[in-house]
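As a plain string of letters, each chain reads:
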Amino acid sequence: MGQYSALSIFKHGLTGNSGWTRAWRDPAPKPSYDVVIVGGGGHGLATAYYLAKEHGIRNVAVLEKGWLGGGNTGRNTTIVRANYMMPGNTTFYKFSLQLWQNLSQELNYNVMMSPRGYYFVFHSPGQGETLRRRANVMRANGIDAEMFDRVETMKRLPHLDYSPQARFPIFGSFFHASAGTARHDAVAWGYARGADRLGVDIIQQCEVTDYIWDAGKVVGVETNRGPIRSGKVALAVAGNTSDLASKAGLRLPIETHILQAYVTEPLKPIVDHVIVYGGAHFYISQSDKGGLVLGGDLDGFNSYAQRGGLPTIEHTLQSAKALMPSISRVKLLRQWAGAMDMTMDGSPIIGKMPVDGLWLNGGWCYGGFKAIPASGYCFAWTMAKGEPHRESAAFTLDRFERGIQIDEVGAGASPKSH
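Now for a description of the structure that goes with this document. Since the structure is predicted, the reported quantities are computational estimates derived from the model, not experimental observations.

The rules we used
- Residues numbered from 1 in each chain as written.
- Predicted model: local features only at pLDDT ≥ 70, side-chain atom pairs only at ≥ 80, totals over all residues.
- Heavy atoms only, no water.
- 1 Å grid on protein atoms, 1.4 Å probe; cavity = no way out; pocket = protein on both sides within 12 Å on 5 of 7 lines; lining within 4 Å.
- Points joined across faces, edges and corners; volume = space filled by probe spheres on them.
- Nonpolar A, V, L, I, M, F, W, Y, C, P; charged D, E, K, R; others polar.
- Pairing = 2+ DSSP bridges.
- Helix = DSSP H or I, 4+ residues; strand = E, 2+ residues; numbered from the N terminus.
- Axes fitted to C-alpha atoms, helices over the stretch in contact; angles between N-to-C directions.
- Parallel < 35°, antiparallel > 145°, perpendicular 65-115°, else oblique.
- Left-handed = near helix turned anticlockwise from the far one by under 90°.
- Buried < 20%, exposed > 50% of the residue type's maximum accessible area, 1.4 Å probe, protein only.
- Contact = heavy atoms within 4.5 Å.
- Polar contact = N/O pair within 3.5 Å; in protein donor to acceptor, adjacent residues only side chain to side chain.
- Right-handed = clockwise from strand over helix to strand, strands pointing away.
- Disulfide = S-S within 2.5 Å.

Moving on, we come to empty space enclosed by the protein. Under the criterion given, the structure shown has two cavities of 30 Å³ or more. By volume, the second largest cavity is sized at about 30 Å³. Along the walls of the second largest cavity sit Asp161, Ala166, Arg167, Phe168, Ile170, Tyr277, Ala322 and Leu323, which together make up its complete lining. Of the residues assigned to the lining of the second largest cavity, the class counts are six nonpolar, no polar and two charged.

As structure tokens, this is what we get:
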């Protein structure tokens, strides 16, 4: 938006923005590309951007069956953090957080990154020691982390329930200062505009229905807008990974579950940070519009429905009231759900598939939104150079065959889903 002054934006607003040009082109698909990326969410768009910018591979198409960011990129709670402790995860999410911190400048597009800090409140000495271990691992890897006792936590988060009647008494908190939130759709739009300006074709309303084969190799895709051939086909399709992989004869270690989120009516500022409730799987932040954004556990069934069920709504709202009784009369404004690809160890898959010509970026579980910059950067590196980037080297598919899993249930994936 740098080409618009404040006065010109005001003038455009008075005319219904009738003079604004498109942020990215709307091209018809070409017969062939060097790379076709299936999925126009954050991961697919970031991959296309870094392929073009870092590796000079610009004959690239991003195919999206709906609209950009209409999948999980627009169906999450926008939390950005790097509080991981397992080898493979720790430095990857550190790298992603570093990219987030300069992403608005990188894209010349305000992604509204807000490093407001992330608190995890704990309810027993044992839970506190577990978080202390995580904090020590983070600090050893150059990631900020602090531990606070009950008194300091009460000063910092006075609106929580510290009464004798609290369902889970708060003993203290873990604090990750550089974590925060970002604007989900702005991330998709920023990467889309950046990729488009580097020559990438972004093609919406283009659904992939099958693959084009030649001597056992994937050499393109069949779409509702005709066949498109490609030297490499990359999947970055969030909840649809298993479906598209099965069309290539692959059965991946992935289950698809629904993860719901909610937002309340707008309030004056009350929650300055992201807060996670250690007594139940619940987290809360406040949006720039004033709504409280609430998240909870997965629905306990496999589904692609993007709706979710009432038991999880009840669980999430009970948790909200237990943590912050003062919001018990606040009205819920809306609810949404994302389709989460859950791997068996809670960590993603990035790399070449056993099928020649096919590449995958998926299985992100809870970690998808916060990973977008590093995911795109590392996947682009992997496709361009034919080998994993050092920060994503642990995320290859063959780790399941070798029995080397990155099992970090405590940072997201729910045990009951596996």
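There is more to say, and it comes next.
Here the focus is the sheet that holds strand β6 (residues 172-176). Strand order in the open sheet formed by eight strands is β5-β6-β4-β13-β14-β15-β12-β16, with mixed pairing between adjacent strands. A strand with exactly one partner marks an edge of an open sheet, and here the two such strands are β5 (146-149) and β16 (332-343). Each strand axis lies, on average, 25° off the axis of its neighbour in the sheet, ignoring direction. Summarising the sheet, strand β13 (residues 274-277) and strand β14 (residues 282-286) pair through three bridges and their orientation is antiparallel. The partner of Ile275 across the bridge, within β14, is Ile284.

This part covers the packing of helix α2 (residues 42-55) against helix α10 (residues 368-385). Relative to each other, α2 and α10 sit at 45°, their axes nearing to 7 Å. Overall, the two elements α2 and α10 adopt an arrangement that is oblique. Here α2 and α10 pass one another in a crossing that is right-handed. For the contact of α2 with α10, the class distribution of residues is 12 nonpolar, seven polar and two charged.

Burial analysis of strand β18 (residues 358-362) places five of its five residues in the buried class, the great majority of the element. Side chains Leu358, Leu360 and Gly362 project from β18 onto one buried face, and the interleaved Trp359 and Asn361 project onto a second face that is buried too. Where strand β11 (residues 226-235) and β18 come together, three bridges link them in parallel fashion. Considered in β18, the bridge of Ala234 is made with Trp359.

In this section: the packing of helix α7 (residues 184-197) against α10. For the pair α7 and α10, the least separation of the axes is 11 Å and the interaxial angle reads 20°. By the criterion of interaxial angle, the relationship of α7 to α10 is roughly parallel. Our pair here, α7 against α10, has a crossing hand that is left-handed. Seen from α7, the contacting residues are His184, Val187 and Tyr191; seen from α10, they are Phe369, Ile372 and Pro373.

Let us look at the side chain of Glu391. With respect to the element layout, Glu391 can be found in the loop between α10 and α11 (399-402). Within the local environment of Glu391, its side chain forms a polar contact with the side chain of Thr91, the two groups lying 2.9 Å apart. When sequence neighbours within four positions are dropped, the list of residues in contact with Glu391 reads Gly88, Thr91, Phe92, Phe95 and Cys378.

Right, let's get into the pairing of strand β2 (residues 60-63). Alternating residues of β2 divide into Val60 and Val62 and Ala61 and Leu63, and every residue in both groups is buried. The pairing of strand β1 (residues 32-38) with β2 spans four bridges and is parallel. The residue of β2 that forms the bridge with Val35 is Val60. Remark: the β1/α2/β2 crossover connection has right-handed handedness.

Simply put, disulfide is the name for a covalent bond between the sulfur atoms of two cysteines. On inspection of all chains with the given rule, the structure shows zero disulfides. With no disulfide partner, Cys378 has as its closest neighbouring cysteine sulfur the one in Cys365, 17 Å distant. Residue classification places Cys378 among the buried residues on the basis of a relative accessible area of 0%.

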